[in-house]
Amino acid sequence: MSKRFLLRDALAQFPPYVPGKPPVSAPGLTPYKLSSNEHHLPPLPSVVEALTAASAVPGNYPDPSAGRLVADIAAHLDVDAAEVVPGAGASEVLSALTNITLEAGTSVVYPWPSFEMYPILASARGAEKRPVALLDNGRHDFQGLSAAIDDTTRLVLLCSPNNPTGPTITAAELDGFMAEVPPEVIVVLDEAYMEFATDAEAADGVAAFRRHPNLVLARTFSKAHGLAGLRVGFGIADAEIAGALRQVIAPFSVTAAAQAAAVESLAKVDEVAVRAKEIAAVRDRFAQDLRDLGFTVPDAQGNYVWVALDAEAAVAFEGACAEVAVAVRRLQGGVRVSIGPDEALDRVLKVAAEL
Ligand SMILES: Cc1ncc(COP(=O)(O)O)c(C=O)c1O
């Protein structure tokens, strides 16, 4: 088709982002959306109050530097404020990371399957995409990732816990890998789901960041803090990298309401952690129930469980869940089920038992 406008050629190479489907309704059944790894509990009451108060003056721009939020994150993680970069979700921080590193002629290495935005962002920059298949157990293949790096590589993306398969990256795996990566190449550890991880061996991102200046952390208030709709996340990066990120992130991208809610949620981080660990306990039981039914479920460390299925079985699983008003996420190689209320998970287990 001839182009009417002068759009970039790279746009033709874009994999589309397919959001989690909403549930279809079924007579007599409450619909549940277990397709986007959202928090199924309402935010803490004081967070709702902070949000409401901050929404009262929509005519004013927010603090462009999100100064209070940055200071609180820095104090909480014991890093320098200059190393904290807020954004409209971890997505904006990831986008900015590709923006400061990638262009035509460069390459980006990442595990696959993993977060769907990685190839989309790489495509937007016109960079060569180098997905490296996960191991059969859903873990990162660090030998493969190292082998994929060459002198065109400007960015490596890692995801712990990995979305959609579930396992975390261990401290030993991360340190071993960082020793192989040239120190000028930026490695991102996407920790969107870190609060749900219970694996004692899991890498502690902040400790690893202190050991490896080229490691950047991507974190979010969308998942364990339950603020996905407000769009607020942040990066932790060496001050030089952080400065470059701030150059490309749009001013005022984190709204006043999002800043206020995130500040309050961080003040209640102990309660957030307790809720996250409750979700983790439900996740562990649910994963084990699926394994007991004979399904292949890798180690689950986020607020979701991955059921490895061939394409036909995945379609059948997703379809049977939809019939009982539960939306799950079908991706390449299986189905991902977010942890939701017991009633929703019981329905999924019933479906699984009948398949
Ligand atoms: C692994 C991973 N990273 C980052 C994000 C982006 O989260 P947000 O932009 O809502 O902070 C998601 C969202 O699903 C995710 O799964």
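Just so it is clear, the model here is predicted, and its values are computed rather than measured.

*Asks:* Looking at this structure, how should I read the pairing of strand β12 (residues 334-338)?
*Replies:* Every regular strand shows the same layout, with side chains that alternate between the two sheet faces. Summarising burial for β12: five of the five residues are buried, a large majority. By the bridge criterion, five bridges tie strand β9 (residues 304-308) to β12 in an arrangement that is antiparallel. Of the residues in β12, the one forming a bridge with V305 is V337. Where strand β11 (residues 329-331) lies against β12, three bridges are found, and the strand directions are antiparallel. Directly across from L331, in β12, lies its bridge partner G334.

*Asks:* Explanation requested: the site of the ligand in the structure shown.
*Replies:* Taken together, 13 residues form the shell around the ligand, and within it A90, S91, D190, T220 and S222 come nearest. Between the ligand and the protein, one listed contact pairs an oxygen atom with a side-chain N or O atom of Y193 at 2.7 Å. With respect to the ligand, the side chain of S222 contributes an N or O atom lying 2.6 Å from an oxygen atom. Within the complex, the protein chains bury 93% of what would otherwise be the 390 Å² of accessible surface of the ligand. A molecule is said to occupy a pocket when more than half its atoms come within 2 Å of that pocket's grid points, and by this definition the ligand occupies the largest pocket. Counting residues per element, the shell around the ligand draws most heavily on helix α3 (residues 89-101), which supplies three residues. Considered class by class, the residues forming the shell around the ligand number five nonpolar, five polar and three charged.

*Asks:* Would you take a moment to explain helix α10 (residues 269-292) for this structure?
*Replies:* Given 3.6 residues per turn, any residue in an α-helix points the same way as the ones three and four places further on. The terminal C-alpha atoms of α10 lie 34 Å apart, and with 24 residues this matches the ideal 34 Å at 1.5 Å per residue to within 8%. What α10 keeps buried is the set V272, R275, A276, I279, A280, V282, R283, F286, A287 and L290. Looking one or two places after α10, you find G294, whose phi comes out positive at around 100 degrees.

*Asks:* Would you take a moment to explain the sheet that holds β9 for this structure?
*Replies:* Pairing between sheet strands relies on hydrogen bonds along the backbone, with the strands arranged either parallel or antiparallel. Across the sheet, which stays open at both edges, the three strands sit in the order β9-β12-β11 with antiparallel pairing between neighbours. Edge positions in the sheet fall to β9 and β11, since each has one partner strand and no second. Ignoring strand direction, the axes of neighbouring strands in this sheet form an average angle of 25 degrees. Packed onto the sheet, α10 meets β9 and β12 and runs at close to 15 degrees relative to β9. Here helix α11 (residues 311-323) sits on the sheet in contact with β9, β11 and β12, set at roughly 30 degrees to β12.

*Asks:* What am I meant to see in the environment of G333 here?
*Replies:* Considering the arrangement of structural elements, one finds G333 in the loop between β11 and β12. Each C-alpha atom of the pair G333 and A314 lies 7.7 Å from the other, and the pair is 19 residues apart in sequence. If we skip the residues at most four places from it in the chain, G333 touches W306, V307, A308 and L309.

*Asks:* So what exactly am I meant to see when it comes to the packing of aromatic side chains here?
*Replies:* Aromatic ring pairs are described here by two measures, namely the spacing of the ring centres and the angle between the planes. According to the stated counting rule, one finds eight aromatic pairs in the structure shown. Here a set of aromatic residues connected by ring pairs shows up, and it is made of Y110, W112, F115 and Y118. Geometry around Y304 places R336 over its ring, the cationic atom sitting 6.0 Å from the centre.

*Asks:* Even after reading the chapter, I still don't get the layout of surface pockets, so can you show me in this structure?
*Replies:* If a probe the size of a water molecule is rolled over the atoms, the empty space left behind becomes visible. Computed from the structure, the largest pocket encloses a volume of approximately 460 Å³. Forming the boundary of the largest pocket are 29 residues, of which Y17, S36, F115, Y193 and K223 lie nearest the centre. Secondary-structure elements contributing two or more residues to the lining of the largest pocket are α3 and β11. No other element matches α3, which puts four residues into the lining of the largest pocket. Taken together, the residues of the lining of the largest pocket break down into twelve nonpolar, ten polar and seven charged. Here the lining of the largest pocket spans two domains, and each of domain 1 (18-37 + 270-354) and domain 2 (45-267) adds at least three residues to it. Surrounding the second largest pocket, 14 residues form its lining, T101, R154, E184, V185 and I186 being those nearest its centre.

Conventions adopted
Residues numbered from 1 in each chain as written. Predicted model: local features only at pLDDT ≥ 70, side-chain atom pairs only at ≥ 80, totals over all residues. Heavy atoms only, no water. Buried < 20%, exposed > 50% of the residue type's maximum accessible area, 1.4 Å probe, protein only. Helix = DSSP H or I, 4+ residues; strand = E, 2+ residues; numbered from the N terminus. Pairing = 2+ DSSP bridges. Near = heavy atom within 4 Å. Polar contact = N/O pair within 3.5 Å; in protein donor to acceptor, adjacent residues only side chain to side chain. Areas by Shrake-Rupley, 256 points an atom, 1.4 Å probe, with all protein chains shown as cover. 1 Å grid on protein atoms, 1.4 Å probe; cavity = no way out; pocket = protein on both sides within 12 Å on 5 of 7 lines; lining within 4 Å. Sits in = over half its atoms within 2 Å of the grid points. Nonpolar A, V, L, I, M, F, W, Y, C, P; charged D, E, K, R; others polar. Expected span 1.5 Å × (residues − 1). Axes fitted to C-alpha atoms, helices over the stretch in contact; angles between N-to-C directions. Contact = heavy atoms within 4.5 Å. Phe/Tyr/Trp six-rings, centres within 6.5 Å; stacked < 30°, edge-to-face > 60°. Lys NZ or Arg CZ within 6 Å of the ring centre and 35° of its normal. Points joined across faces, edges and corners; volume = space filled by probe spheres on them. Domains from an automatic or database assignment.

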